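Descriptive structure summary
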Amino acid sequence: MFGDQKVSFSGVQPSGNLTIGNYLGALRNFSTYSEEYKTFYCVVDEHAITVRQIPAELRRRTYETLALYMACGLDPEKNTLYVQSMVHEHAELSWILNCFTMFGELSRMTQFKDKSAKHADNINAGLFTYPVLMASDILLYQTDVVPVGIDQKQHVELCRDIAMRFNQVYPDTFTIPEPIVAKQGRKIMSLAEPTKKMSKSDENPNAVVYILDDRDTIIRKFKRAVTDSESEIRYDEAAKPGVSNLLSIYSCFTGKTIEEAEKEFAGKGYGDFKAAVGEVTADALAPVQAEFARRLADKAGLEAQMKKGAEEASYYARRTLSKVQKKLGFVQLH
Ligand code: TYM
């Protein structure tokens, strides 16, 4: 809370081309809060460097992610849209919170375990303390709600624990945030291995539908999606993960319930079903893609937004950081 206004905060890494998982699990839900909350949506480039990035690509994706925020309905007049590395308080608070986070807590994070298995040659300390930087992102803005996909829930829960621990020693410092995980779209699975999360870093391009894929590519990828050897279109995550994932995607993009979708496809074959999922996905993404292209073409406009967003965010970040520094006993000169 800032004053009497509730706050929503979330972030997306500019570490790869964004997927329909990012869109359905996070991005498209951000604007829910634009009217009634003070909203901060950040392109988290500092998080991205926990794995090696090619500088020119990181830079390009930072512009793209900002353009995509706007294309997903985030009006820069109503939302603070900015780039993490342009607000130095994130990294500063992160150091402080490191001193309030336990080694054991960080060791238990499933993302750390997964990423350190995947990048065994680069298990750097940043990969380990990543959730602390995430906690500082959230806590700097006295955040009430954090809309995320299910894979980030554990990190937001750790953030709550860190905030409560800090508040216990220094009362009334941080608002305790709540993760908000969408019911539908919380975990979109890979099209090639439907028991695995769809991930922007997947090496198999057929496993992932990107937000910016063209219509034919989207339809082709869905046609190749792995299903099962039965023929019934029924939601059952354990027995039929591929079909269930496609039903979820269909339901997210059409607004129909899973039951309605099952009825609609009763008696139909997998071929027709997959084609239909491809069509509704391509239809839903077309306006996002058009607006993205328009925004991305205006580089000066994006840079002006980066500047404005960073100034807006810094105002709030500074207030929280100086409150924290004062509580800790750091000398403050006026
Ligand atoms: P990132 O960049 O991996 O993903 C951005 C958002 O997309 C969601 N998501 C998914 N949702 C459903 N199905 C999927 N297959 C899928 N893949 C990704 C993620 O849950 C996330 O909400 N650490 C965060 C970024 C971050 C952040 C923050 C988020 C940094 N600071 C503070 C919230 C608050 C991350 O790596 O997200």
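Scroll up for the structure.
Along each chain, the written sequence defines residue order, and numbers are assigned to residues from 1. Only residues with pLDDT of 70 or above have their local features reported here, since the model is predicted, and side-chain atom pairs are shown and tallied only from 80 upward, although totals for entire chains, interfaces and linings are computed over all residues. With hydrogens and water stripped out, all remaining heavy atoms of the structure feed into the side-chain values.

Right, let's get into empty space enclosed by the protein. Only protein atoms enter the 1 Å grid used here. Points where a 1.4 Å probe fits but cannot escape make up a cavity, open sets with protein on both sides within 12 Å along at least five of seven lines make up a pocket, and a residue lines them when an atom lies within 4 Å of a point. Grid points are joined across faces, edges and corners, and a volume is the space filled by probe spheres set on the points. Enumeration over the complete set of coordinates arrives at two cavities of 30 Å³ or more. Considered as a void within the structure, the largest cavity measures approximately 70 Å³ in volume. Residues belonging to the lining of the largest cavity are distributed by class as follows: five nonpolar, three polar and two charged. Annotation comment: domain bounds sourced from an automatic or database domain assignment. Composition of the lining of the largest cavity by domain shows at least three residues from each of domain 1 (7–185 + 299–328) and domain 2 (205–292). Space inside the second largest cavity adds up to approximately 40 Å³. As for the second largest cavity, its lining consists of Gln111, Phe112, Lys115, Leu127, Tyr130, Pro131 and His155. Segments assigned H or I by DSSP are reported as helices when at least four residues long, segments assigned E as strands when at least two residues long, and all are numbered from the N terminus. Counting residues per element, the ones that place at least two in the lining of the second largest cavity are helix 6 (110–118) and helix 7 (125–140). Throughout, the ten residues Ala, Val, Leu, Ile, Met, Phe, Trp, Tyr, Cys and Pro are labelled nonpolar, Asp, Glu, Lys and Arg are labelled charged, and all others, Gly among them, are labelled polar.

In this text, buried Ala, Val, Leu, Ile, Met, Phe, Trp, Tyr and Cys residues form a nonpolar core when linked through side-chain atoms within 4.5 Å. A 1.4 Å probe rolled over the protein chains alone gives each residue an accessible area, and that area as a share of the maximum for its type sets the label: buried under 20%, exposed over 50%, partly exposed in between. Of all hydrophobic cores here, the largest spans 57 residues; its most connected members are Ile20, Tyr23, Leu27, Tyr69 and Phe222. For this core, the leading source of residues is helix 12 (residues 270–297), giving nine residues. Two domains each provide a minimum of three residues to this core, namely domain 1 (7–185 + 299–328) and domain 2 (205–292).

Let us now look at the layout of surface pockets. One way to see where empty space is left: roll a probe the size of a water molecule over the atoms. Approximately 330 Å³ is the volume attributed to the second largest pocket. Around the second largest pocket sit 16 residues that line it, and Lys187, Met189, Tyr235, Glu237 and Ser248 are the ones nearest its centre. When residues in the lining of the second largest pocket are grouped by element, the largest group, four residues, is from helix 10 (residues 241–254). By residue class, the composition of the lining of the second largest pocket is six nonpolar, six polar and four charged. Counting contributing residues, the lining of the second largest pocket receives three or more from each of domain 1 (7–185 + 299–328) and domain 2 (205–292).

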